[in-house]
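Coordinate analysis (summary)
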Amino acid sequence: MAKRALLVVKDVSGVASLAERLVADFGFDLLANEIAGEALRAKRIAYEPVSEIDAAAMVASKESEIVLVVANFVDVESAGRAFLSWKSALGAFDRGIVDAIRAAAFAVDRVAVLGNPSDYEAALSELNSRAGKLSQPFRMQRATAALRAASEFDFAVAQYLEVQGADAPDMGALSGYSKAMRFAWPRAQLLDTGENGHQLAAVYGSFFDHFELKSGGKLDYASVLTVSRAAYFIGEFEKPAAALLRNGKIVTARVGDDLQAVTRKVLKHRDSAGAWLVVNGSLGRSNLQSGVEGKLRGILAPGFSEEELVALRQVESVTALSSISGMGYEALQEVRSVVGGVLVQDKDRVAVNPMEWTVLSLAQPLVEDWESLMFGAKIVRHADSAAVAIISGEQLISLEVGRYAPKLAWNAVEESGIGLANTVAVIDVPEVEPVCLTRMKELGVRAVLLPMGGEVEALRQAANDCGLVLLGMSKGMRRL
């Protein structure tokens, strides 16, 4: 019995090479839509032309003898932008191809469907190892992916119509918050445990598209959280920067003119064991050795030299990751689970801008205070809850988080016994008691930045009475 492959694609990447192998090595007859046909003709590969409208019916019919469907389509958003009205866009969407994909998935007992050029080599290997046939597990795996792709197409069309087809524009949908949200991330990796040893966990989505494992074992739950926070955090800084994070929380951070020196000082922190080190440049062999001796859990860097990689591969206890792609930062939303659903908000993409700050006190900040306060503002917007950051120069001395009020965080700063002379403080919520400012000045804090709000006049008076520099930021310091 003849074996036939149906090629209905918009992206012809790898299609001609796949078709050539299907014919020469496995005796397939080919059917192709117009776009696929152009690629086949260029290589003088014989095929039977088919219409995309008829493709689904052909797949559904056993008499067609189709056992393989190769299909892909233009995403709805890209296609929709090419047309002036929703009516013309609706007619241009690749509905025929999607119907063929769906038909192939429902005929999983005899048909396999390939939707991505990355699948082509796997299919050829499967055919080669099974005497020109595709196994049921392979067909089932591809069918599940195909049905997800088809459902995503339907959902995208619904969202497009929601925005473009209504009499009045839906402002929520235009802002990225449609009437329904869909989360269909593939499972990227099972984790050995969750936050606690008795919990199950897994990573979903494209997390591992952004990082490459260079050495050490696979990530655990806490490391995934920490690496994500570290990647966002280190992106705040244009200067050479290094930071330690543990369990998704910042331990210490520093910026300067020389990354080697900055990293060396960060690694001298008293609490580095079990933390992740993140840097925005080359780590250096001596710093790598210090990190290993300090029992780091992992290192995240843009890349590693061959010398560093040789050293890392001798230490199984330290996981090293390099960042390999951008994260689409401008499009990210933050999603948190709540009872019965999820809570979604935009990531805070507003840059820290000292031009928006107001000096509230009679005392004026020094030039170096501005740098320290900017550094602190970048720190606290990556902290959880109500935070107080103590900064010396451009080094984080202490970051304390209060569950309900900054007073609790400040109390923790006082109890820590750290030296506060010639430091600045950045607080992420405005409900600060005037007496707290007085106490800060007594202990050596020179300047304080907080969001505008609360008892501004009382705070201004307290700052003036003790000679403290006080600044307010009108837009607050929303956290990422």
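So, how was this worked out
Residues numbered from 1 in each chain as written. Predicted model: local features only at pLDDT ≥ 70, side-chain atom pairs only at ≥ 80, totals over all residues. Heavy atoms only, no water. Helix = DSSP H or I, 4+ residues; strand = E, 2+ residues; numbered from the N terminus. Rg over C-alpha atoms; globule rule 2.2 N^0.38 Å. Buried < 20%, exposed > 50% of the residue type's maximum accessible area, 1.4 Å probe, protein only. Contact = heavy atoms within 4.5 Å. Pairing = 2+ DSSP bridges. Axes fitted to C-alpha atoms, helices over the stretch in contact; angles between N-to-C directions. Core = buried A, V, L, I, M, F, W, Y, C linked by side-chain atoms within 4.5 Å. Expected span 1.5 Å × (residues − 1). Patch = residues over 30% accessible without salt bridge, like charges linked within 9 Å, V, L, I, M, F, W, Y side chains within 5 Å. Areas by Shrake-Rupley, 256 points an atom, 1.4 Å probe, with all protein chains shown as cover. Salt bridge = Lys/Arg side-chain N within 4 Å of Asp/Glu carboxyl O. Parallel < 35°, antiparallel > 145°, perpendicular 65-115°, else oblique. Nonpolar A, V, L, I, M, F, W, Y, C, P; charged D, E, K, R; others polar. Polar contact = N/O pair within 3.5 Å; in protein donor to acceptor, adjacent residues only side chain to side chain. Right-handed = clockwise from strand over helix to strand, strands pointing away. Phe/Tyr/Trp six-rings, centres within 6.5 Å; stacked < 30°, edge-to-face > 60°.

Before going further, it helps to examine the overall build of the chain. Check the secondary structure of the chain and you find 17 helices and 21 strands. The C-alpha radius of gyration of the chain comes to 29 Å, more than 25% above the 23 Å expected for a compact globule of 480 residues. The burial tally for the chain puts 44% of its 480 residues in the buried class. Excluding contacts between residues fewer than 6 apart, the proportion of contacts in the chain whose partners are at least 24 apart in sequence is 57%.

Further remarks concern the sheet that holds strand E3 (residues 48–49). By way of backbone hydrogen bonds, the strands of a sheet pair with one another, either parallel or antiparallel. The parallel open sheet is built from 5 strands, whose spatial order is E3-E2-E1-E4-E5. Looking at the sheet topology across the chains shown, the edges are occupied by E3 and strand E5 (112–114). Sheet topology places strand E4 (residues 66–71) next to E5; 3 bridges connect them, and they run parallel. Note on E5: the bridge partner recorded for Val69 is Val113. Packing of helix H1 (residues 15–26) onto the sheet brings it into contact with strand E1 (3–8), strand E2 (28–32), E4 and E5, and relative to E2 it is tilted by some 150°.

Turning our eyes to something else, we now look at the nonpolar core. With 43 residues, the main nonpolar core has Leu300 and Ile379 as its most contacted residues. It is helix H10 (residues 221–234) that provides the largest number of residues to this core, a total of 6 residues. Those residues in contact with Leu300 that lie beyond four places of it in its chain are Phe211, Val227, Ala230, Ala231, Trp276, Leu277, Val278, Val279, Leu321, Ser322 and Ser323. In terms of nonpolar packing, the next biggest core, distinct from the first, is built from 24 residues, Val9, Val15, Ile45 and Leu127 among them.

The next point concerns helix H6 (residues 95–106). Its 12 residues give H6 an end-to-end C-alpha distance of 16 Å, which sits within 8% of 16 Å, the value for a rise of 1.5 Å per residue. Looking only at H6, the buried set comprises Gly96, Ile97, Val98, Ala100, Ile101, Ala103, Ala104 and Ala105. Where H6 is buried, its residues meet E1, helix H3 (52–60), E4, E5 and helix H8 (136–164).

Along its 29 residues, H8 runs 42 Å from first to last C-alpha, staying within 8% of the 42 Å computed at 1.5 Å per residue. Within the span of H8, buried status applies to Phe138, Arg139, Arg142, Ala143, Ala146, Ala150, Phe153, Val157, Tyr160 and Glu162.

Our next topic: a nonpolar patch on the surface. Together, Met181, Phe183, Trp185, Tyr204, Val335 and Val342 line one region of the surface with nonpolar side chains, adding up to about 580 Å² of accessible area. Counting through the fold element by element, Tyr204 comes out in strand E7 (residues 201–204).

So, about the packing of H1 against helix H7 (residues 120–129). Between H1 and H7, the least distance of the axes is 11 Å, while the angle of their chain directions is 5°. Judged on the interaxial angle alone, H7 and H1 are roughly parallel. Residue-level inspection shows Val15, Leu18, Arg21, Leu22 and Phe26 of H1 in contact with H7, the latter providing Tyr120, Glu121, Leu124, Leu127 and Asn128. Classifying every residue of the contact of H1 with H7 by side-chain character gives 7 nonpolar, 1 polar and 2 charged.

Along the chain, Ser135 turns up in the loop between H7 and H8. A relative accessible area of 10% places Ser135 in the buried class. Residue contacts for Ser135: discarding those within four places in its chain leaves Glu126 and Arg130.

What follows covers the side chain of Asn287. Note on placement: Asn287 falls in helix H12 (residues 285–293). For Asn287, a relative accessible area of 1% corresponds to the buried category. A polar contact is formed between the side chain of Asn287 and the backbone oxygen of Leu283, at a distance of 3.1 Å. In contact with Asn287, not counting residues within four places along its chain, are Gln260, Thr263, Arg264 and Leu267.

Another aspect to go through is the pairing of E2. Across the 5 residues of E2, 4 count as buried, placing the element largely inside the fold. Examined bridge by bridge, E1 and E2 share 5 bridges and lie parallel to one another. What sits directly across from Lys3, in E2, is Phe28. Handedness of the crossover is the feature at issue here: the chain leaves E1, passes through H1, returns alongside E2, and the resulting connection is right-handed. Note: E2 against E3, 2 bridges, orientation parallel. The partner of Leu31 across the bridge, within E3, is Glu48. Where the polypeptide runs from E2 across helix H2 (residues 34–42) and back to E3, its parallel neighbour, the crossover connection is right-handed.

Side chains that carry opposite charge are capable of pairing whenever their charged atoms lie near each other. Under the counting rule described, the total for this entry stands at 19 salt bridges. Between Lys10 and Asp94 there is a salt bridge, and its shortest N-O distance comes to 2.4 Å. Of this pair, Lys10 sits in the loop between E1 and H1 while Asp94 sits in the loop between helix H5 (86–92) and H6, and the two are 84 residues apart along the sequence. Given the relative accessible area of 5%, Asp94 is considered buried. With a closest N to O distance of 2.5 Å, Arg21 and Asp25 form a salt bridge. In this pair, Arg21 and Asp25 are both assigned in helix H1, 4 residues apart and thus about one turn of the helix distant. Look at Arg21 and you get partly exposed, because its relative accessible area is 31%.

Turning our attention to the packing of aromatic side chains. Per the stated rule, a full pass over the model turns up 7 aromatic pairs. The interplanar angle of 80° and the centroid separation of 5.0 Å between the aromatic rings of Phe207 and Phe208 together place this pair among those described as edge-to-face. Measuring from centroid to centroid gives 6.0 Å for Trp357 and Trp370, while their planes differ by 15°, and the two rings are stacked. In this pair, Trp357 sits in strand E16 (residues 357–359) while Trp370 sits in helix H14 (residues 367–380), placing the two residues 13 residues apart along the sequence.

Geometric descriptors of this kind do not, in isolation, establish any biological role.
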